[in-house]
Amino acid sequence: MLQDIKTVIFDLDGSLVDSMWIWKDIDIEYLGRFGIQLPQSLQSEIEGMSFSETAVYFKERFHIPDSLDKIKEDWNKMAWEKYIHEVMLKPGADVFLRYCIAHDIKLGIATSNSRQLVEAVAKARGFEKDFSCIMTACEVAKGKPSPDIYLAVAGKLGVEPSQCLVFEDIVPGIMAGKNAGMRVCAVEDTYSLHQTEEKKRLADYYIKDYTEIPLL
C-alpha cells in the first residue's frame, strides 16, 4: 500500500477521526430551531460538500433567514465541545501517523469541515504538528467529488498525485481522490456502512481501521 508513496492525505471526519455520528444530531437540533424536521435524505444529499457549500444549501433549501456566516458560526459552536472532548482518532491511526513521520512520509489533511473544528480536534488529540498541510474544501473552487482539494494539498506539499495515498470514508471523497490521480484507501465507518460494496469497488484498498495496515 505504501510502496512509492511520499505523501499520505487524510479526509478528517469518518476517516481519521470518528466524528460522523455527531452531525445528524446537530442537523436535527439546528433545523428544529426553525421548526423544520430533518429530511431523511439530507445526509446523502450534502455528502462531500464543503462547509460553505453546505451552508448555502441549507440557506436556499430551508429558507434560513440568517447569513451564511451566522449559519457556519452556529454550526461551529454546536460542534466545538464534541470535537474537543468526544471525537477521537480512529483505532490505530496514532500508530500509523508515527510510522509515516518516522519514514519521512509527508502528511496532509483535506477536509470538507471548517478550519475551526479541524484545528480544535487536532490540538485536542495532539496531532496538529504532525501535518505539513491542513486544507479545507472552502479554500478551493469545488468540494468533493471534484479533485480540487486533493490536488491543492499535493501542490502545496510539492508532490505528484501519483505519489499520494488518500484515506476516505465516503463515496464522493473516494471519487475525489481517484479523480485527482491518487491511490485511495477506503476506511470503514458506521455512517457509511451502506456504501461498503461501492467503496470497495471504487477504492484501491479497504480497511476497517488503521491496525489492518501492514507496517514493516
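Calculation notes
- Residues numbered from 1 in each chain as written.
- Predicted model: local features only at pLDDT ≥ 70, side-chain atom pairs only at ≥ 80, totals over all residues.
- Heavy atoms only, no water.
- Buried < 20%, exposed > 50% of the residue type's maximum accessible area, 1.4 Å probe, protein only.
- Helix = DSSP H or I, 4+ residues; strand = E, 2+ residues; numbered from the N terminus.
- Pairing = 2+ DSSP bridges.
- Contact = heavy atoms within 4.5 Å.
- Disulfide = S-S within 2.5 Å.
- Axes fitted to C-alpha atoms, helices over the stretch in contact; angles between N-to-C directions.

A closer look at the pairing of strand β6 (residues 164-168)
Thinking step 1. Of all 5 residues in β6, 5 are buried; the element is thus mostly enclosed.
Thinking step 2. Burial along β6 is two-sided: C164, V166 and E168 facing one way and L165 and F167 facing the other are all buried.
Thinking step 3. Judged from the 4 bridges that link them, strand β1 (residues 7-10) and β6 form a sheet pairing that is parallel. Across the sheet, V8 pairs through a bridge with L165, a residue of β6.

Considering helix α6 (residues 115-125)
Thinking step 1. Buried within α6 we find L117, V118, A120, V121 and A122.
Thinking step 2. Lining the buried residues of α6 we find β2 (17-18), α1 (21-32), α4 (68-85), β4 (106-111) and β5 (133-136).
Thinking step 3. One or two steps after α6, the chain reaches G126, where phi turns positive at roughly 75 degrees.

Regarding the state of the cysteines
Thinking step 1. One pass over the structure, following the stated rule, counts 0 disulfides.
Thinking step 2. Between C100, a free cysteine, and C185, which holds the nearest cysteine sulfur, the sulfur-to-sulfur gap is 12 Å.
Thinking step 3. Free of any disulfide, C164 has its nearest neighbouring cysteine sulfur in C133, separated by 11 Å.

Some remarks on the pairing of β4
Thinking step 1. Judged by how many residues are buried, β4 sits mostly within the fold: 5 of 6 residues are covered.
Thinking step 2. Direction of pairing for β1 relative to β4: parallel, over a ladder of 4 bridges. Along β4, the bridge assignment pairs F10 with I109.
Thinking step 3. Here β4 runs beside β5; their pairing, made up of 4 bridges, is parallel. Counterpart to I109 in the pairing with β5 is I134.

Thoughts on the sheet that holds strand β7 (residues 183-187)
Sheet strands associate in pairs through backbone hydrogen bonding, adopting either a parallel or an antiparallel arrangement.
Thinking step 1. The 6 strands lie next to each other as β5-β4-β1-β6-β7-β8, forming an open sheet whose pairing is parallel. Pairing within the sheet leaves two strands with one partner each, and these edge strands are β5 and β8 (205-207). If you compare each strand with its neighbour and ignore which way they point, the axes differ by 20 degrees on average.
Thinking step 2. Of the strands in this sheet, β1, β4 and β6 are in contact with helix α5 (residues 93-102), which crosses β1 at around 150 degrees.

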